[in-house]
Structures are given as C-alpha cells and as structure tokens.
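# Analysis of the macromolecular model
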Amino acid sequence: MDDPEPAVEHTEEVYSGKSATDFGLLAVALESDAVALHYPNPDLTAAGPWLVLEPLSGYISTIHTGTGRLSVALAYDRLSDHHLETIAERVNALLATARPNHDQYPVAEDAQGVFRTGMTELTPTAITITEDSVTASFDVSTTPATSDAVIATAFEDIDSVVNVEYQSVIGIERAAPSEHLRSAVEDAHHHVLDDVGYEWFPRPTVFSLIPGGEKIAFGTAARTADEFDAEAYTTGVELLTASLSNLGEHE
Amino acid sequence: MRTIANPVAGTEVRVKPVEDPGITVNGVPATLDAVSKADVRVDIVGETRSFVVEHALGALGLCGITAADVTGIRSEWDFARPEHRFCYSAEMGPRNVVGHPEGLPNPALAEALGNVEVLATEPTTRATVTEPVSLSNDHGSITIAPRELGAGIRFSVRYGDSTFECEVDPAGENDPDLIESVTTSTTPYLSPSEEEAVVHSIADLVSDIAVIGGFDDLAVDADLGGEYHTLTVGVARAARDRDLTVERQA
C-alpha cells in the first residue's frame, strides 16, 4: 500500500503540498519575536491584540465571511408529480436561481473570487425526494449583506417553491481593531509593500473564533496556493516584524 | 484654469466649482504624489483614500475642466466590488469609491459637464516634456514626447489587436462625439472586446497623464495591456522624477 500524500514537503526554497501555506506561515511566526505564539489551538482566553497570519496575498483582513445552511422545499404531489421530468424541471429552475449572478460583473467566470468573495453564495449539497416532498439543501457563504429576507427574496419568483428555511451556522466576523493596532499593521504594509490593501477572507477561520475586536489578519501567499516560496517567507517575516515593531512589542 | 459655473452630478460623484487651480477628490489633490495604487485602478490617498479615481478624472479631462472639487456620493454597499470590501474593512464608507460601477468613465458626468457653463481664467501655463520619456513592462509600453505649445495631446494607442487615435486638449474644448464614445466604453477588465477597451483607455490616459500628471501638450504612443495604470501613471512619474517636465506660458 502506498504512503498517503504528505501534507507538506520542504526544500531550501519552498514548502509545497496541500498544507504548504500553513507551514510557511508558521515558519514566519517562528522567525519573529512575538510575545506569544498560539499554534495550532489558540488560547482564546489570552488577552490581545491578536495578529493572525493567514494566506492573504499581502492583503490585510478584518472581515471573515460566515456560513449558513439553506433548505428550499418545492411543491410536490406524489400522485400528479410522479414524472421525473417534472421534478427535474423544478430542481433545475431552483439551481439556476441559486447560481451566482450580478448585473454588472462576470461572476460566472470569476475563478479568482474578485467579485464572488463579496457575494452570498449557495452551494448545492443534496436533493432529497421523499414520498411527499422535494427539498434542495445548500451550504451558504454569507456576507454582511446576507439576511433571511435577502435569501427568501431570491426564490420568491419560482412558483414551485413552497418554503425556504435559512439557518446561520457561523456568523460574519468583523473585527474592530484599535487605531493603534490598525496603524501598526497598515504602516508595516506601507513600509514593506508600498501600499495597503484590504480583502475579506472568504470563509470562517480561527480568526472568527477569537473573541473581541482587537485582532487583525494578514500574511503572504495565495489562499489557494500549494506552495509557500522564499519570497512569501521573506516578505511575511518583514510584515510581521514591522507590525510587531510598530506595536512596540519588538525589542 | 477652467472650472464650472455651477455644481453638477454624475454617477457616484458630485462636482463643484473651485476658485483655485487643480482637482481634488474627496478633499485630496489629484496629483502624482497622492497616487498610492496604480495597476488595475488608480487610488489617491491623503486625509482619506479615494478609489478608482480615473473614471471621474478622465471625464473631467476630456471636458477640459482643470479645477474642481469632486466628492463621492454613493451610500449603498455592493460587496461584489473589491473596493467596497476594502472600504467596509477599513471603516470607510462607499462614498470613498468614486469609480463607475459598470466600469465606464462616467458618461453621466461628462454629459452634465457638457451642459454647464465653463469659466476660463487667463493667462495660464501648459506643460509638456523636454524630450521623449518611455516606460515598458511585460504587458506593454508607453512613450510621451514633446509637442508644440497649445497643441493638446495626441493619443496613438494599441490594445491587443485594436488601435485608436485621437486629439484631446485637457485644458480646452473637445469633440463631443469623442467624449461620448470614450465615456460610454467599458474598462478592459469588463469589456466585451478589444475595440471597446482601446477606446476606454483614452479616458484612463487622460486621467493619469493629463489630470494627475499635469500635462497639456504631448504626443502619446502607447501599447497597453495588463495592469496598464502602472505604465500610464508611471511614465508621468518618470518625466517628473527625471526633471523633464516644462511649463510654458500660454
């Protein structure tokens, strides 16, 4: 039997593998003089401020999107709706409505998440057909604009929809870092990268669990990358070191 | 200088007349020193940050307005826009984003500017370069060259397989048909065709080289692609940094 694929491989120049960014960012943290390093499980009772290293391509993040679950029940009468074609038509209409859509932006081709990172997204997880019901289930990626009413409105024009139930699982996390913490991290990015950029992290992470608002996330390498190279490491160390220095916690 | 007699509104912005030369966006002078980002878009930073300024500045430059106070007026979020996500994250408002949501160089603003009285003050100076300045990267190249006093800017631009040439005086009257065709053309990042993208790029060039860069008389030859504001802002910066800019009395 073959060995399972390792989570990460390490050469002098690069971490590679599905956990490459985790290892790379941990290496960055170990290089710093952080007061306390929390890995893999943070002590959530510890006092902040928190600097959370995540693969953010050099962006700063104060927003992590949330998740929810949605179930949409379709009209179904087992005596008259027994043809599969009828059920398929209704399900297809539902799935078409659930696909990402925007009046101005090409969200269907947006593989990089330039637009979709900020949109409520529905991912179908199951179609359940019983003797007296057809229900479509979705995982939902939520934004600050997501609400029960917004989701219900999305399906109100489909005649066959009889019930919509939405449940938030993990809420949107919006940090409220103090001016001192925000400035320390922004100034570090100005110094190292010549500019500041903010972007949302498109799913909940450990950042979402840290209580209180005195936290901010940043880091190098792309979220979808399977490599963490020397440049990502060097720049990451510079950003963290400068941020800590600006916070006055670096000797 | 040329300003407007009365305030006008366009998409996402309101523009008011001012008494002194220069254009400000949300209170920050639209100058090379204020540009903090120039790649897929142009942002300027001072007391606050304004995003995608090239759409409003392009319309102003095409309409020959050299002095104005531009303020963002949008009040609703659209988180599909990366700039709105930035603002929400950094506790700014949607009014900091002055770019057009459909990627157009603000045709409503251009139309409003075309219908308002323009107040011109003489004498004035006009800027050009003392010798050609070039900049290139993996995606394209640009050269700005001297031109005679009062000639305006001649643009010869290629984007992919499409080309476009036109004359613009950023401190004077311009062809209304040209203004309409440029301001109704979509940004290359959303544009359905290279033909439309190259026409749109004229607004970006006017914004970055004429309004932000401060040039009035030039011959501009550009082969654009990728994040081309790196080139359009970059060449104006290169001219300034190499001390090749000259102001002449009009």
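Every value quoted in this text rests on a predicted model; they were computed, and no experiment measured them. (Residues numbered from 1 in each chain as written. Chains lettered and ligands numbered in written order. Predicted model: local features only at pLDDT ≥ 70, side-chain atom pairs only at ≥ 80, totals over all residues.)

### Description of the overall build of chain B
When helices and strands are counted, chain B shows six helices and 17 strands. A compact globule built from 250 residues would reach a C-alpha radius of gyration of about 18 Å, and chain B, at 16 Å, matches this within 12%. By its C-alpha atoms, chain B is 45 × 40 × 35 Å across when sized along the principal axes. When contacts within chain B are restricted to residue pairs at least 6 apart in sequence, those whose partners lie at least 24 apart make up 70%. (Helix = DSSP H or I, 4+ residues; strand = E, 2+ residues; numbered from the N terminus. Rg over C-alpha atoms; globule rule 2.2 N^0.38 Å. Contact = placed C-beta atoms within 7 Å.)

### Section: the domain arrangement of chain A
Residue and element names in this part refer to chain A. Domain assignment breaks chain A into domain 1 (9–64 + 173–247) and domain 2 (66–170). Between domain 1 and domain 2, the C-alpha centre-to-centre distance is 34 Å. The interface is formed by five residues belonging to domain 1 together with seven residues belonging to domain 2. Among the residues forming the side of domain 1 that touches domain 2, the class breakdown is three nonpolar, one polar and one charged. (Domains from an automatic or database assignment. Nonpolar A, V, L, I, M, F, W, Y, C, P; charged D, E, K, R; others polar.)

### Digging into the pairing of strand β8 (residues 134–142) of chain A
Residue and element names in this part refer to chain A. Bridging between strand β6 (residues 66–74) and β8 involves nine bridges; their strand directions are antiparallel. Paired with V72 across the two strands is A136, which belongs to β8. In this sheet, β8 lies alongside strand β7 (residues 121–129) in antiparallel orientation, the contact comprising eight bridges. Paired with L122 across the two strands is V140, which belongs to β8. Counted along the chain from β7 to the antiparallel partner β8, the turn is four residues long. (Pairing = 2+ DSSP bridges.)

### Comments concerning the pairing of strand β6 (residues 35–38) of chain B
Residues and elements named next belong to chain B. Of the strand pairs in this sheet, β6 and strand β7 (residues 42–45) are connected by three bridges, and their pairing is antiparallel. Across the sheet, residue A38 finds its bridge partner in β7, namely V42. The antiparallel pairing of β6 with β7 creates a hairpin that spans three residues between the two strands.

### Considerations on the sheet that holds strand β3 (residues 50–53) of chain A
Think of a sheet as strands paired side by side through backbone hydrogen bonds, with each pair either parallel or antiparallel. All names here are of chain A. Across the sheet, three strands lie side by side as β3-β11-β4; this open sheet has mixed pairing. The sheet is open, and its two edges are formed by β3 and β4 (60–61), each paired on a single side. Summarising the sheet, β4 and strand β11 (residues 215–218) pair through two bridges and their orientation is antiparallel. Residue pairing in the sheet places S61 in a bridge with A217 of β11.

### Points about the domain arrangement of chain B
Residue and element names in this part refer to chain B. When cut into domains, chain B gives domain 1 (2–119) and domain 2 (125–249). Measuring from the centre of the C-alpha atoms in domain 1 to the corresponding centre in domain 2 gives 18 Å. Listed per partner, the contact involves 29 residues of domain 1 and 33 residues of domain 2. For the side of domain 1 that touches domain 2, the elements supplying multiple residues, two or more each, are β6, α1 (54–62) and α3 (107–114). No other element matches α1, which puts seven residues into the side of domain 1 that touches domain 2.

### Details of the packing of helix α4 (residues 176–183) of chain B against helix α5 (residues 194–212) of chain B
Residues and elements named next belong to chain B. Where α4 meets α5, the closest approach of the two axes is 8 Å, and the angle between their N-to-C directions is 105°. Classified by the angle between their axes, α4 and α5 sit roughly perpendicular to one another. For the pair formed by α4 and α5, the contact residues are S181, V182 and T183 on the first element and V199, H200, I202 and A203 on the second. Here the residues of the contact of α4 with α5 are counted per class, giving four nonpolar, three polar and no charged. (Axes fitted to C-alpha atoms, helices over the stretch in contact; angles between N-to-C directions. Parallel < 35°, antiparallel > 145°, perpendicular 65-115°, else oblique.)

### Quick word on the interface of chain B and chain A
Between chain B and chain A, the contact holds 14 residues from the first and 19 residues from the second. Counting residues per element, the ones that place at least two in the side of chain B that touches chain A are β6 and α2 (82–89) of chain B. Per-element tally for the side of chain B that touches chain A: the top contributor is α2(B), with five residues. Among the residues making up the side of chain B that touches chain A, the classes are represented as nine nonpolar, two polar and three charged.

### What about the packing of α1(B) against α3(B)?
Residues and elements named next belong to chain B. Where α1 meets α3, the axes come as close as 9 Å, and the angle between the chain directions of the two elements is 30°. In this view, α1 runs roughly parallel relative to α3, as classed from their interaxial angle. In terms of crossing hand, the pair formed by α1 and α3 is right-handed. Within the contact between the two elements, α1 uses A56, A59 and L62 and α3 uses L109, A110 and L113. For the contact of α1 with α3, the per-class residue count stands at six nonpolar, no polar and no charged. (Left-handed = near helix turned anticlockwise from the far one by under 90°.)

### Considerations on helix α1 (residues 20–31) of chain A
All names here are of chain A. Between its first and last C-alpha, α1 extends 17 Å over twelve residues, near the 16 Å set by a 1.5 Å rise per residue. Of all the positions in α1, only A20, T21, D22, G24, L25 and V28 are classed as buried. Those residues of α1 that are buried are in contact with β2 (14–16), β3, β12 (227–229) and α6 (230–247). (Expected span 1.5 Å × (residues − 1). Buried ≥ 20, exposed ≤ 12 C-beta atoms within 10 Å, placed from the backbone.)

### Looking at the environment of B:T71
Residue and element names in this part refer to chain B. Locating T71 in the fold gives a position in strand β9 (residues 67–72). Judged by the 19 C-beta atoms lying within 10 Å of it, T71 is partly exposed. For the pair formed by T71 and D216, sequence separation is 145 residues and the distance between their alpha carbons is 24 Å. Residues in contact with T71, not counting those within four places in the same chain, are V13, R14 and N26.

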